[in-house]
Amino acid sequence: VRMHDLCTYLADYGLAVGTLGTIDWQTICGAVMTGTHGGGLTIPSLHDFVRSYTIVLPDGALKRVDKETSPSLFRAMAPSMGLFGAVVEMEMAVVPLEILEAKMISIPMEDVVQCFDSLM
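Owing to the predicted nature of the structure, the values given are computational and were not obtained by experimental measurement. (Residues numbered from 1 in each chain as written. Predicted model: local features only at pLDDT ≥ 70, side-chain atom pairs only at ≥ 80, totals over all residues. Heavy atoms only, no water.)

Enquirer: What am I meant to see in the sheet that holds strand 4 (residues 86-92) here?
Expert: Two pairing modes exist for strands in a sheet, parallel and antiparallel, and in both the strands are linked by backbone hydrogen bonds. The strand order 3-2-4 describes an open sheet built from three strands, whose pairing is antiparallel. Lying at the two open borders of the sheet, with one neighbouring strand each, are strand 3 (62-66) and strand 4. In this sheet, neighbouring strand axes are inclined to one another by 20 degrees on average, regardless of whether the strands run parallel or antiparallel. For strand 2 (residues 50-56) and strand 3, the ladder comprises five bridges, and the chain directions are antiparallel. From the neighbouring strand, Ser52 faces strand 3, where its bridge partner is Asp66. (Pairing = 2+ DSSP bridges. Helix = DSSP H or I, 4+ residues; strand = E, 2+ residues; numbered from the N terminus. Axes fitted to C-alpha atoms, helices over the stretch in contact; angles between N-to-C directions.)

Enquirer: Looking at this model, I keep getting lost on the environment of Leu119. Mind explaining?
Expert: Summarising the element assignment, Leu119 is placed in helix 4 (residues 109-119). A residue is classified by how much of its surface remains accessible, and Leu119, at 43% relative accessible area, is partly exposed. For the pair formed by Leu119 and Val65, sequence separation is 54 residues and the distance between their alpha carbons is 40 Å. In this structure, Leu119 is in contact with Ile105 and Ile107, ignoring residues within four places of it in sequence. (Buried < 20%, exposed > 50% of the residue type's maximum accessible area, 1.4 Å probe, protein only. Contact = heavy atoms within 4.5 Å.)

Enquirer: Help me understand the pairing of strand 2, please; the structure alone is not making it clear to me.
Expert: In the case of a regular strand, side chains alternate between the two sheet surfaces. Most of strand 2 is tucked away: five of the seven residues are buried. Adjacent in sequence and paired antiparallel, strand 2 and strand 3 are bridged by five residues, among which Gly60 carries a positive phi angle near 90 degrees.

Enquirer: So what exactly am I meant to see when it comes to the side chain of Asp66 here?
Expert: By the element assignment, Asp66 lies in strand 3. The class for Asp66 is buried, based on a relative accessible area of 6%. In this structure the side chain of Asp66 is engaged in a polar contact, spanning 3.1 Å, whose partner is the backbone nitrogen of Glu68. Among the polar contacts made by the side chain of Asp66, one reaches the main-chain amide nitrogen of Thr69 at a distance of 2.7 Å. With residues up to four places along the chain from it excluded, the contact list for Asp66 reads Arg51, Ser52, Pro71 and Phe74. (Polar contact = N/O pair within 3.5 Å; in protein donor to acceptor, adjacent residues only side chain to side chain.)

So, in structure tokens, the structure goes:
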């Protein structure tokens, strides 16, 4: 499922993905496996919203990986780029939809340190 498609679907229910990267054309699983994170200082990376993975092992068996049954493997899964198996299913928490407004300002470099905290 591509990020854009998932976001569009969730928006109809007043829900959203917990954090987004710069692009929305990659798959949600690809974004998790490569460590996608948002630009906020207090918002966790995308993989922090994952509740479970289902992976295909080298012998073709399916394995469910979650915090309760496989805590070490779960922590290692992302960003692992599929090292532990091909992810064929992923369950993740979503958040209430918020409409954000982007604002761009230009600040001379010598002023950045002085005003950084007030901008964040």
